[in-house]
Amino acid sequence: MPALQRLDDAFGVRRGKSAEEPSSAVRTYKWMQFHGKEEVTEFDEAHFATEGFFSQNSSVGHSEFQDRLRAIHLRKEGLEKAAIAKALGRSEKFVAKWWQKELGEIPRPYGVHEYLTKDLGRKSTGVGATNGATMTEDSVSDTATWWRDVEVKRKFADDPCIYNEILENTDWKPSNARTRDFATGAYHLKYDQRGNIKWEGHQGGKYKPGLSPAMDKVIQKLFHVYGISDRTSGVITNWYPDGQGNLGSHRHDCWTALFSFGHERILTIDNTPLLMQDGDLVIFGTQRHGVPIMPEITEGRITLVVFFYPDKMQKKGMWQTITDPDTMEASRPLVRMLNEGHLGSSAENQVVEASKELLALQQLGFARADAESALRASGFNVDMAAEFLLLSGAVPGATCQEQELSQSLVEELKTAPSPELATTSVRGGRFRKQGLACSASARTDQNMAECSSAASTDCASSSASQAYPASSSASSQEDENLARSLQAHASEEMSEAEVAALAMQLDELDGTGPLGGVDPSLLAQQFKEYEEMLNIEDAERWNGSGDLMHSPFSREHLSLDKMEKATLYSVGHGDMLERDFWEMLQCHSIRVLYDIRATDHRGELHSRHQRFSVTSLRAQCRARGVVFKPMPLGRESAYGMLTHINTDEGRHTLVELVWQAKRKRTAFLGQEELWTHDARQVAAEELTKAGHVVEHVRSDGSTEQHKLGIEYPDWLLREEERLKLLEKKRAAGEAGPQGFSF
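Only a predicted model underlies this, so the values are computations on that prediction, with no experimental measurement involved.

## A closer look at the overall build of the chain
For step 1, the next point in the chain: Counting its secondary structure elements, the chain contains 26 helices and 23 strands.
For step 2, the next point in the chain: Going through the 742 residues of the chain one by one, you find that 48% of them count as buried.
For step 3, the next point in the chain: Long-range contacts, defined here as pairs at least 24 residues apart, represent 73% of the contacts in the chain between residues at least 6 apart.
For step 4, the next point in the chain: For the chain, the computed accessible surface area is about 35,800 Å², with 50% contributed by carbon and sulfur atoms.

Quick look at the structure:
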């Protein structure tokens, strides 16, 4: 049983070309992945026929670590020592050293990042997955789960319509560049030297069922073949308009199924180029992968990526390929592929039945059949579907007979949807129901007014505008008649409280009750504010590692003026002793310290005293259980504090400070002991302007609250001009290493 072939040893790929060797290349491409280094790779016909499973890792250390984990896995699968050694291509001595150990006992070789030895997925103290996939009770997340063989499937999705359907129907947005902490795996945003977000060379989008009918069919095929649960997977799309579009090499905290559509492009997996063509699929674990720049490409390419966490059965087969590499068959039978025609006809039904939108409408009280019809008519827009149901007379919580949905109405609403749709989400319970009812009422009044003023035959014959008023009027009349009938027998059958409640209902029907005269637009505004509050709560879900604002959702919904007001502390060290400095912080029980002291043009911080260097402060904070994070503001390359504070990096730092202050006593650190002599006064002014409270801490522990509207000193106002002049002198060689002119 020979060892599994490596992807970088696979036939059909050759980097560079010797002048003496004849070339059999079908494609030759130039590409650049790291630091602008150009590489040339040839791909022959055999490369495009290459399919199957491959072992792949990015370094000798990763290979060593993976084989140690494999030895344990194969021993648990029942293989003998000799068979494991042959499968791994290692000696029996190597296997004997590791195969009886537990995963936590395996040491980390040099070059393997620490977060790769932790459990897979989102953790409260480290790795933070942002892929949209969801872990369940059946998901497996131990250390060994990071490592899965690479599987290549050519033309898995062979439909030429997919590229154009996704391209035309997706709301594309630029993707920000990120980096990872090698110890925790947490994400950090990348900023340019001026403090603005760095953007990747591609655009991203969210994939939703119905966006591409052909792709819906392919996704259902993928789920059936590989046993992936559609409820727990995350699906995104990336668009590369031409060869300059790229994506830096990175890892995910889950397994990945990646489709390629459009023009052929290179996908690097652990620095090995794989040329993917239209419809190709590659499935891998957490290997480093990226899309390099290919300057010769002028056409577009789209990748659709499915993120998922493996279950116990998928984990059992993660290294299935090395148990029988001759036949390349799985060690367990995979779910058989469904008939292509059956998949095409049932894909939409499966998508509807498993959708969260259907569940949301059912939770609001609508019948399942009605909700399914409305979702199809609205293109899976839950707000529009709910409005269709309300306009058709389907009342949440009513009987099935009362909720009979008119298909002709749905079809007409589908062809002429209202431009004014509710924007609130499903959350909110009864608030959501009231909001939808209010939105429907407002729209009805508008339609009736338009019909009355136009007095035209078209308006009078429009079923979409007539159906709801008639139904609403009949329904209201029936409710009123029933209520008055019940009131007539109240003395015999109802208590006083029930009679009072019924009277209030009649007042509301007459428009004279406390809710009868409420402006629908006012209620809609209240629901919008409620939804924004929920969005802010969701955006603040962060484990404290990495950067809070690395998430596009957080950047969209979090800002200084919208966040709950907090109190922060401003401190400076000056020439204080270490003991005095910490006594000052202890007076206010500071548990989080953000170092916002400015750095020079090389990104280095020069402290007057070694005890206040970044390295020393980090060690001091660790010893005292204080969270420490350096986030320099006002660096030279950003032209000082007043300029830097208004960039993406400056705003994000202040938002993160407020997030910390809402949970623990938080201080931000400056160079000078007196805040009036330090640039941190700018941060204090911006925080106060947004309604937060800033207390400047003196060396004796007393405080002074920052007052809004201070006048900045002259040296601070002229800092940008001075640093720009210094930058020119440095470029001309007229400034020394510390910024002094010769």
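## Details of the sheet that holds strand β14 (residues 272–276)
What holds strands together in a sheet is hydrogen bonding between their backbones, with the strands either parallel or antiparallel.
For step 1, the next point in the chain: Judged by pairing direction, the sheet is antiparallel, and its 4 strands sit side by side in the order β11-β16-β13-β14 without closing on themselves. The open sheet has two edge strands, β11 (247–250) and β14, and neither has a second partner. Across the sheet, the mean angle from the axis of one strand to that of its neighbour is 20°, orientation sign disregarded.

## Quick word on the nonpolar core
For step 1, the next point in the chain: Judged by nonpolar contacts, the single largest core of 35 residues is most densely connected at Leu-558, Met-641, Phe-668 and Leu-687.
For step 2, the next point in the chain: Listing elements by their share of this core, those giving two or more residues are α18 (520–539), β19 (592–595), α23 (648–661) and α24 (680–689).
For step 3, the next point in the chain: Tallying contributions element by element places α23 first for this core, with 6 residues.
For step 4, the next point in the chain: Non-local contacts of Met-641, meaning those with residues more than four positions away in its chain, are made with Ile-596, Leu-633, Gly-634, Ala-679, Arg-680, Val-682, Leu-716 and Glu-719.

## Describing the packing of helix α20 (residues 578–586) against helix α21 (residues 614–624)
For step 1, the next point in the chain: At a minimum axis distance of 13 Å, the contact between α20 and α21 shows a crossing angle of 50°. With respect to α21, the element α20 is oriented oblique. Crossing of α20 over α21 shows right-handed handedness. Mapping the contact onto sequence places Glu-578, Phe-581 and Trp-582 in α20 and Leu-617, Gln-620, Cys-621 and Arg-624 in α21.

## Structural notes on the packing of aromatic side chains
For step 1, the next point in the chain: With the rule as written, the count across this model stands at 7 aromatic pairs.
For step 2, the next point in the chain: Note on Phe-156 and Phe-259: the rings are 6.0 Å apart at their centroids and 45° apart in plane angle, and the pair reads as tilted. In this pair, Phe-156 sits in the loop between β5 (150–153) and α5 (161–169) while Phe-259 sits in strand β12 (residues 255–262), placing the two residues 103 residues apart along the sequence.
For step 3, the next point in the chain: The class for Phe-259 is buried, based on a relative accessible area of 0%.

## Points about the pairing of strand β22 (residues 693–697)
For step 1, the next point in the chain: With respect to burial, β22 is a largely interior element, 4 of its 5 residues being buried.
For step 2, the next point in the chain: Sheet topology places strand β18 (residues 567–572) next to β22; 4 bridges connect them, and they run parallel. In the strand pairing of β22, Ser-570 is matched with His-696.
For step 3, the next point in the chain: Examined bridge by bridge, β22 and strand β23 (residues 703–705) share 3 bridges and lie antiparallel to one another. Note on β23: the bridge partner recorded for Val-697 is Thr-703.
For step 4, the next point in the chain: In this antiparallel pair of consecutive strands, β22 and β23, the connection spans 5 residues, and Gly-701 shows a positive phi of 95°.

## Thoughts on the confidence of the model for the chain
For step 1, the next point in the chain: Predicted confidence across the chain gives a mean pLDDT of 76, with 66% of residues reaching 70 or more.
For step 2, the next point in the chain: Within the model, the stretch residues 123–130 combines pLDDT values under 50 with 29 contacts to residues more than four positions away or in other chains.
For step 3, the next point in the chain: Here residues 315–347 is a poorly scored stretch, pLDDT under 50, and it has 68 contacts once near neighbours within four places are set aside; other chains count.

## Considering the packing of helix α2 (residues 60–76) against helix α3 (residues 81–88)
For step 1, the next point in the chain: In the contact formed by α2 and α3, the axes pass within 10 Å of each other and the chain directions differ by 140°. Taken together, α2 and α3 sit at an angle that is classed as oblique. Between α2 and α3 lies a crossing whose hand is right-handed. Contacts from Asp-67, Arg-70, Ala-71, Leu-74 and Arg-75 in α2 reach Ile-84, Ala-87 and Leu-88 in α3.

## Structural notes on the sheet that holds β22
For step 1, the next point in the chain: Read from one edge of the open sheet, 6 strands run β20-β19-β21-β18-β22-β23, paired in mixed fashion. What marks the edges here is a single partner per strand, and that holds for β20 (627–630) and β23. Within the sheet, the average angular offset between the axes of one strand and its neighbour, ignoring direction, is 25°.
For step 2, the next point in the chain: Note that β18 and strand β21 (residues 666–670) share 4 bridges and pair parallel. Residue Ser-570 lies in a different strand from β21, and its bridge partner there is Phe-668.
For step 3, the next point in the chain: Strands in contact with α20 are β18, β19, β21 and β22; relative to β18, the strand with the most contacts, it is inclined by about 165°.

Rules used throughout
Residues numbered from 1 in each chain as written. Predicted model: local features only at pLDDT ≥ 70, side-chain atom pairs only at ≥ 80, totals over all residues. Heavy atoms only, no water. Helix = DSSP H or I, 4+ residues; strand = E, 2+ residues; numbered from the N terminus. Buried < 20%, exposed > 50% of the residue type's maximum accessible area, 1.4 Å probe, protein only. Contact = heavy atoms within 4.5 Å. Areas by Shrake-Rupley, 256 points an atom, 1.4 Å probe, with all protein chains shown as cover. Pairing = 2+ DSSP bridges. Axes fitted to C-alpha atoms, helices over the stretch in contact; angles between N-to-C directions. Core = buried A, V, L, I, M, F, W, Y, C linked by side-chain atoms within 4.5 Å. Parallel < 35°, antiparallel > 145°, perpendicular 65-115°, else oblique. Left-handed = near helix turned anticlockwise from the far one by under 90°. Phe/Tyr/Trp six-rings, centres within 6.5 Å; stacked < 30°, edge-to-face > 60°. pLDDT = per-residue confidence, 0-100.

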